[in-house]
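# Examining the three-dimensional arrangement
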Amino acid sequence: MEFLVAMLTAAFVENAVFSRALVGESIWKRQQRPMQAAVFLGMVTLLTTVLSTAMWGIRTLPTPTAMRALWEPLAALMLLWLCYLILYHLAARWMPEAAFARILSVMPKAAFSAVSLGTLLLVASRSFSLAESVGFGLGAGAGFALAVLLISWGERQLRMTDLPAPFRGLPARLIYVGLLALAFHGLIGHPVVL
Amino acid sequence: MKRIQAFLQNRPLRLSRQGLKKLLGRSPVLLRGLALVPVAAACHSLRNALALSVVMAFVLLPTLLLLSLIRRSLWEPMRLPAAALVAFVFYIPGWQTAKALLPDISTRLGIFLPLLLVDTLLFCRAEESAYRETLGRTMCEGLLDLAGFVLVALLSGFVRELAGMGTLMGQPVHLPWTTSLAILPAGGFILLGFLAAGWRLCGEGIRRVYIRRSHRALIKRQRKGKEAEE
């Protein structure tokens, strides 16, 4: 139950993109190639799930409160590094050359993305149980994938719409993401005073 | 070290007309969608914007400098991870400085301060300049990008604090209305969308004026040439 609640919270209530703006340049680029997008999103979800579990273990280590603000990012970065190295060597050893080249083009950006580090930092800053940490990591990755799919769908609609010239491209996308974020904010029951 | 000395002696950093044109024509946040995380999510007050700008300055420029110097010894798949790790080294003094300016910085900015370590602005500048261009060019590009980031962060902080809380640097300003939308990430995205459109419109206007002026100057020169021939 804890696992499920944490997962749904991370995916909808605290969606990485819509409630914390954990987006990168890659969120606009990946949508153009579905295969690469799938690999990228799969990798982000895998990383957030595995590393959240590891972060739960690290969080239980005794740390002086004054050092926490520096210790948590360092621990998260080290975990990302370790996971990236393991994935790299596994992929280099077991994958065919073409697939390895494809995965290598997205692996660093997936590992060192705002959503990966952000999820780890969130897990580190909360007193989650093990099940909640795993659920939160999985939900954060799934929520990110959902956001990318929604943005990708909107992108296609925006391309077909006759927009004024200054709004074409990035400005329209940003406003669309803003409206989606507002919709998510309203959907989970938060009021907005206008 | 020799490269730094040569750069400082032969190519002093100055914001030339070309630099100003670049600054206006290439805002990393509004034209390329880089560094959206800190600006859209955390720059909802001027103090936050200032703190983020200070830490970004501490992280971006020295990281680019160091990456540019050690680029030959870096293995290609490790370049991005190395950038994040190098950035952490410079994040520590940046965080200390920002903390001296704003003691409650950690509670104010939470996870958004360490997220500067994997910021797209840093990675893009590292990929496009530090690993490819000369040291001088990398630093110039880094400075221009930093200036573009600071400008948008402060603008976003100013507008969102005013519209969201009715204050400026914590001091109350009497406004007929405020909206909580401004301090949400949703408001940040919407504001950035409108700012990006406005920036593009201004850039296009300036470009047109520039083209018209140079066209007029060309016609004048041609007329003078003809008169001289006659």
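Residues numbered from 1 in each chain as written. Chains lettered and ligands numbered in written order. Predicted model: local features only at pLDDT ≥ 70, side-chain atom pairs only at ≥ 80, totals over all residues. Heavy atoms only, no water.

Next up on the list: the packing of helix α7 (residues 130-160) of chain A against helix α8 (residues 170-187) of chain A. Residues and elements named next belong to chain A. Packing of α7 against α8 brings their axes to within 10 Å, and their N-to-C directions diverge by 130 degrees. Regarding the angle of α7 to α8, the classification is oblique. The way α7 lies across α8 gives a crossing that is right-handed. Along the contact surface, α7 presents L146, L150, I151, W153, G154, E155 and L158, while α8 presents A172, R173, Y176, V177, L180 and F184. (Axes fitted to C-alpha atoms, helices over the stretch in contact; angles between N-to-C directions. Helix = DSSP H or I, 4+ residues; strand = E, 2+ residues; numbered from the N terminus. Parallel < 35°, antiparallel > 145°, perpendicular 65-115°, else oblique. Left-handed = near helix turned anticlockwise from the far one by under 90°. Contact = heavy atoms within 4.5 Å.)

Even without glycine at this site, A21 of chain A takes up a positive phi of about 55 degrees. Tracing the sequence through the fold places A21 of chain A in the loop between α1 (2-13) and α2 (26-29). Since its relative accessible area comes to 0%, A21 of chain A is described here as buried. Positive phi outside glycine occurs at M169 of chain B, with the angle close to 55 degrees. Relative to the assigned elements, M169 of chain B resides in the loop between β1 (167-168) and β2 (171-172). By relative accessible area, M169 of chain B is classed as partly exposed at 33%. (Buried < 20%, exposed > 50% of the residue type's maximum accessible area, 1.4 Å probe, protein only.)

With respect to the helices and strands, L31 of chain B occurs in helix α3 (residues 28-32). When the C-alpha atoms of L31 of chain B and A197 of chain B are compared, they prove to be 9.0 Å apart, with 166 residues separating the residues in sequence.

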